[in-house]
Amino acid sequence: MRLTHWLLRTVLLLSLAVAGLHLDGRSAFAQAPQPAAEPQTQTQAAPTQAAPAAEAPLANGALDQALKDIDKAKNELASLQDRVKQNADNDDALVELAGKADELGRGVIATSVSLRPRFDQIKNRLAELGEPPKDGQPPEAQIVTDERNALTSERSQINAVTGDAENLSIAITKLSNEITTTRRQLFADTLLRRTDISISVLDDAGSAFLHEVDQFSQALSSWITFVWKFKRFPLFAAIFLSLGTALILLSGSYRVFGQYLRRNESVEQPSYISRLAFAFWSTLIRTAALDVLLVTSFIFLDGFNVLRPDITPVIAALFGSIGLVYFVGRFVNAVFAPNDPPWRLVRLSNLGARSVGYCLIAMAVVNALDYLFGTVSEAMGSPLVVTVVRSLFAALIIGLILIAVSFGKPMLAKNGDPDAPGRHWPRGMGILLRVFGAGLILTALSGYVGLARFIATQLIITSAIIVTTYIGLLLGKAISRQDNFGDTLLGRFLETRFKLGPVAIDQVGLVVGLLIYAVALLTGIPLILLLWGFHVQDLQLLAYRLFTEVRLGGISISLVGIFTGILLFAGGYLATRWVQKWLDSNVMARSHVDLGVRNSVKTGIGYLGVGVAAIFGVSAAGIDLSNLALVASALSVGIGFGLQNIVSNFVSGLILLVERPFKVGDHVVSGTAEGIVKRISVRATEIETFRKQSIIVPNSELINGLVGNWTHRNKLGRSEIPVSVSYEADPRKVMDILLELAAAVPLILRNPEPHVEFLRFGPYSLDFELRFFLADMGDGLAVRNDLRIEILRRFKAEGIEIPLPQSDLTIHRQANAEVEKALVEKPARSEAAEPEAEIDEAEEEEQPVRQLRGKTADGKLKG
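All residue numbers refer to position in the chain's written sequence, counted from 1. Only residues with pLDDT of at least 70 get local features here, since the model is predicted, and only at 80 or more are side-chain atom pairs given and counted; chain-wide, interface and lining totals rely on the full set of residues. Side-chain descriptors were evaluated using all non-hydrogen atoms of the structure, hydrogens and water having been removed beforehand.

1. Considering the overall build of the protein chain
When you go through the protein chain residue by residue, the secondary structure sums to 25 helices and twelve strands. Each residue is assigned to one of three classes by its accessible area relative to the maximum for its type, calculated with a 1.4 Å probe on protein chains only: buried under 20%, partly exposed between the two thresholds, exposed over 50%. Relative to its full complement of 863 residues, the protein chain shows a buried share of 37%. Relative to all contacts within the protein chain whose residues are 6 or more apart in sequence, the contacts with residues 24 or more apart total 72%. Each accessible area is a Shrake-Rupley result for a 1.4 Å probe, and residues are judged covered by the shown protein chains and nothing else. A total of about 50200 Å² of accessible surface is found on the protein chain, and carbon and sulfur atoms cover 62% of it. A helix here means a DSSP run of H or I that spans at least four residues, while a strand means a run of E at least two residues long, and both kinds are numbered starting from the N terminus. Whether two residues touch is decided by their heavy atoms; if any such pair falls within 4.5 Å, the residues are in contact.

2. Focus: the pattern of salt bridges
Any two side chains of opposite charge can pair if their charged atoms end up close together. Think of a salt bridge as a Lys or Arg side-chain nitrogen and an Asp or Glu carboxyl oxygen that are within 4 Å of each other. Within the structure shown, the criterion is met by 22 salt bridges. E688 serves as the salt-bridge partner of K678, at 3.8 Å between the closest nitrogen and oxygen. With a gap of ten residues between them, K678 in strand β4 (residues 673-680) and E688 in strand β5 (residues 684-688) connect regions that are remote in the sequence. For K678, a relative accessible area of 40% puts it in the partly exposed group. For E720, the salt bridge identified is with R718, shortest N-O distance 2.7 Å.

3. Observations concerning the sheet that holds β5
Spatially, five strands are ordered β6-β5-β4-β3-β7 in an open sheet, and the strand pairing comes out antiparallel. The open sheet has two edge strands, β6 (694-698) and β7 (707-709), and neither has a second partner. The mean angle between the axes of side-by-side strands here comes to 40 degrees, regardless of whether they run parallel or antiparallel. Whether two strands pair depends on DSSP finding at least two bridges between them. Here four bridges tie strand β3 (residues 667-670) to β4, and the two strands are oriented antiparallel to one another. Bridge pairing in β4 places V669 opposite E674. Helix axes are fitted to C-alpha atoms over the stretch in contact, other axes to C-alpha atoms as well, and angles between N-to-C directions run from 0 to 180 degrees.

4. With respect to the nonpolar core
Residues enter a nonpolar core if they are buried and are Ala, Val, Leu, Ile, Met, Phe, Trp, Tyr or Cys, with the set joined through side-chain atoms within 4.5 Å. By size, the foremost hydrophobic cluster in this structure holds 60 residues, and its most contacted members are F280, W281, V328, F336, L360 and L475. Of all the elements in the fold, those that place two or more residues in this core are α8 (272-303), α9 (312-335), α10 (350-380), α11 (384-406), α12 (427-445), α13 (449-480), α15 (502-531) and α16 (536-548). With ten residues, the single largest contributor to this core is α13. Not counting the four nearest positions on each side in its chain, L360 is found in contact with V328, F331, V332, F336 and I460. By size, the runner-up hydrophobic cluster in this structure holds 26 residues, among which are A73, V108, L126 and L168.

5. A look at the environment of V108
On the secondary structure map, V108 appears in helix α3 (residues 91-114). The buried category is assigned to V108, whose relative accessible area is 2%. Through-space distance from the C-alpha of V108 to that of A165 is 6.0 Å; in sequence the pair is 57 residues apart. Ignoring anything within four residues of it in the chain, the contact list for V108 reads I70, A73, A165, L168, S169 and I172.

6. Regarding the packing of aromatic side chains
The pairing test for Phe, Tyr and Trp rings, Trp by its six-membered ring, is centres within 6.5 Å, and the orientation test on the planes gives stacked under 30 degrees, edge-to-face over 60, and tilted for anything in between. Using the criterion set out here, one finds ten aromatic pairs in the structure. Relative to W582, the ring of W578 has its centre 6.3 Å away and its plane inclined at 15 degrees; by these criteria the two rings are stacked. Taken together, the residues span about one helical turn, with W578 and W582 both in helix α17 (residues 559-588) at a distance of four residues. Owing to a relative accessible area of 41%, W582 belongs among the partly exposed residues under this scheme. Plain terms: the ring middles of F758 and F761 are 5.4 Å apart, the flat faces sit at 55 degrees to each other, and that makes the pair tilted. Residue F758 is classed as partly exposed on the basis of its relative accessible area of 30%. Cluster of aromatic residues (ring-pair linked, three or more members): F187, F454 and W532.

7. Some words on the environment of L351
On the secondary structure map, L351 appears in helix α10. In sequence terms L351 and M411 are 60 residues apart; their C-alpha atoms lie 9.3 Å from each other.

8. A word on the packing of α10 against α13
Packed helices, taken two at a time, are described by the angle their axes make and the gap between the axes. In contact at an axis separation of 10 Å, α10 and α13 are set at 135 degrees when each is read in the N-to-C sense. By the angle between their directions, the pair α10 and α13 is classed as oblique. Note on packing geometry: the crossing formed by α10 with α13 is left-handed. Contact residues: L360, M363, A364, N367, D370 and Y371 in α10; R453, A456, T457 and I460 in α13. Just so you know the grouping, Ala, Val, Leu, Ile, Met, Phe, Trp, Tyr, Cys and Pro go in nonpolar, Asp, Glu, Lys and Arg go in charged, and all remaining residues, Gly too, go in polar. Of the residues belonging to the contact of α10 with α13, the class tally is six nonpolar, two polar and two charged. Any angle that falls under 35 degrees is termed roughly parallel, while one over 145 is termed roughly antiparallel, one within 65 to 115 roughly perpendicular, and all others oblique. Crossing handedness: left-handed means the near helix sits turned counterclockwise from the far one by under a right angle, and right-handed means the same turn made clockwise.

9. Notes on the confidence of the model for the protein chain
Per-residue confidence from the prediction method is given by pLDDT, with values spanning 0 to 100. Chain-level statistics for the protein chain give a pLDDT mean of 79 and a share of 83% at 70 or above. Counted against residues more than four places away or in other chains, residues 1-59, with its pLDDT under 50, gives 124 contacts. In this model residues 828-863 is a low-confidence stretch, pLDDT under 50, and it forms 39 contacts with partners more than four residues away in sequence or in other chains.

10. What to know about unusual backbone geometry
With an omega of 0 degrees, the peptide bond running from N751 to P752 counts as cis. The residue P752 is located in the loop between α22 (731-743) and β9 (755-761) in this model. Positive phi values are uncommon outside glycine, yet A337 reaches one of about 40 degrees. Summarising the element assignment, A337 is placed in the loop between α9 and α10. Here the phi dihedral of K692 falls at roughly 65 degrees; this positive angle occurs in a residue that is not glycine. Mapped onto the fold, K692 is located in the loop between β5 and β6.

11. Examining the sheet that holds strand β8 (residues 717-725)
The strand order across the open sheet built from three strands is β8-β10-β9, with neighbouring strands paired in antiparallel fashion. Single-partner strands in this sheet number two, and they are β8 and β9. Here the strands of the sheet are splayed against their neighbours by 25 degrees on average, with no regard to which way each runs. Strand direction decides the pairing type here: β8 and strand β10 (residues 766-774), joined by nine bridges, are antiparallel. By the bridge assignment, E720 is partnered in β10 with R771. Those strands touched by α22 are β8, β9 and β10, and its axis lies near 20 degrees from that of β10. Contacts from helix α23 (residues 780-798) reach β8 and β10, with the element oriented near 25 degrees to β8.

Below, the structure is given as structure tokens:
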């Protein structure tokens, strides 16, 4: 299954590479025939000394090996430079040399990096030894001097080797840039090279073509005869394995992706997502399956030595042409749907969809035959004029097809009936098709046959790839929309299989949409790059650099390293959570450890584990921790000013977790907050009040402020019940009753024993307070309620009265009369514009005296 996935992922790249659809130096039409491949001998340059001669021998084997590696790299660089000059007109050879240069550069860098640990050790050791004694200072031990001299010599050798490695790396980079420039110039020269088109050229091409046909027929018949006589069993074995591969791919693709490879004929009006899904997946999966079959068949034929050197490129071109035509056919069937109007993605009539689809397939066939016959000409060693004239006719045919299509009426009628006669193209589209067709014909007739063939290839294949990729992006966008994924077949399956709710299904749809984006881009972009002149080796090198060495200024970022770091951090985080849960449920719970201690241990292990996982993840990502230390030191000033409250709360949280002045479950009072501690984190502490309100208190306030903890060391606590009786009651009897009632409650402790305090002589009652201790302060509310009920019941039975508040009110009638007189005279004084302040002063002098004395039992006023 893993092999199948890998093949599905890489098949399009490999098939197009085998087909050679890109325009390179070897298969250019207007290019001179290639010289025979030179022997693979390398010019051995004279070895150069990487490090200057030193009196002291090499310090260790690593340095000796590095020196040999640098010498070897210099020889390889000289050989590569010579081969680049010899193959300046061969794009395939230049691609291979570029890969070797890149590999050589990585090896040189690795050699230089391997010496860094030893260089750091020498540097640290020399710092420990210090400077040699100056004149007039006491001499040092001879062993110290010898060690310093040896380390200094070794450091000089390492610096010399590192310097040579750096210079060599610069030279390799220069060679790589030179290869890139040469290939770019070769590509431009191939496209813009002009060939004279005349009657004599056509005559020569016709004669050479007849000779080529005869020569190829002889080669093909001799190969078939040779295979049938001597390679019959390998041929049947290759065919059998190819058929087995086809059966596996056919059954597997329909089993896994069957719902996306065929249209549901029972659906009269398929949804927009269904049409996009069928168009994208049917085109991609079926083309990939056929390309895998073609590639594996070619591998089987070549692996069983059935192919011959002169036939191998022809078979490869034949398989590539089949893959190209099949891809365009699948694209036409998915997008234009000539026989299924409801599944059509474009607004074309039935006749228009069939005519446009047939024209696209015809252009693909012309292009594929042009490439196939060009490969045959190259394999047979035919004159270049045959390839030029053949490509000329291919460009003319494709141009005429474009012009003919521009005059058609493929657009859907206004009434929306697909069977009705269609309308003309939009004016701009028709003109554009005619311009492309006429431009292609004029370019070919002007002698720029290579450019015309390149444009024709891009018009057909690149356009189909771009449209398919765009359909994939539209599909990902449609599935990512809210509430859309649940209506798809996959969404309903996941909802039923895993019992997912609407929110979860919507989140899964977002992930699926992103994955479709990735599949569309990772499939379309490499294929387009291959068509525009890139080689598979170029893409491999680009992917390697992208995932292993992305440089931003002086910083090198590795996407693979970052991904590995993320995985390590996630693994460390999950392991930390597992250790927390295991310790809490298996160790501390069985040991009956206090809840607060368990919370502190869990929190500490959590922060420790996450910190260690973060360190491992950052290191695996290739980020130098020393750089982080420099950044942290630079940010320390900002932290001191702008983040001091956060840092203060963080440090306070660590102190609370270690010192534990209170813990989870304690009953605390802090300022206006009182309740039970629910959670302690490094920033704040959560306190839940008895009204179930959560109060988040910053840790610094708990450290710096006053905090009362009712259950700091234990839950033992004192509780009080105030009691007031009338003056007629016997105090001793009241105290005895209260102690008796307290003794009858099992939750009240006997040691310390309950106690009744005679507090005071109140204004209308005798005040007592029953004090007792409870083993758990949490039981105080229930105990006090029960005791109050019993006290009230017992006092009624004993005839002890609990008095109501009383007050005496004394009214002086003379003062009231004077006040009434003053109020009557007030309006007259106001009319005389006398100051109001005088009235206030007079009222203050004559203010009546009121004295509160209490209230009688019957509620009457005294006075």
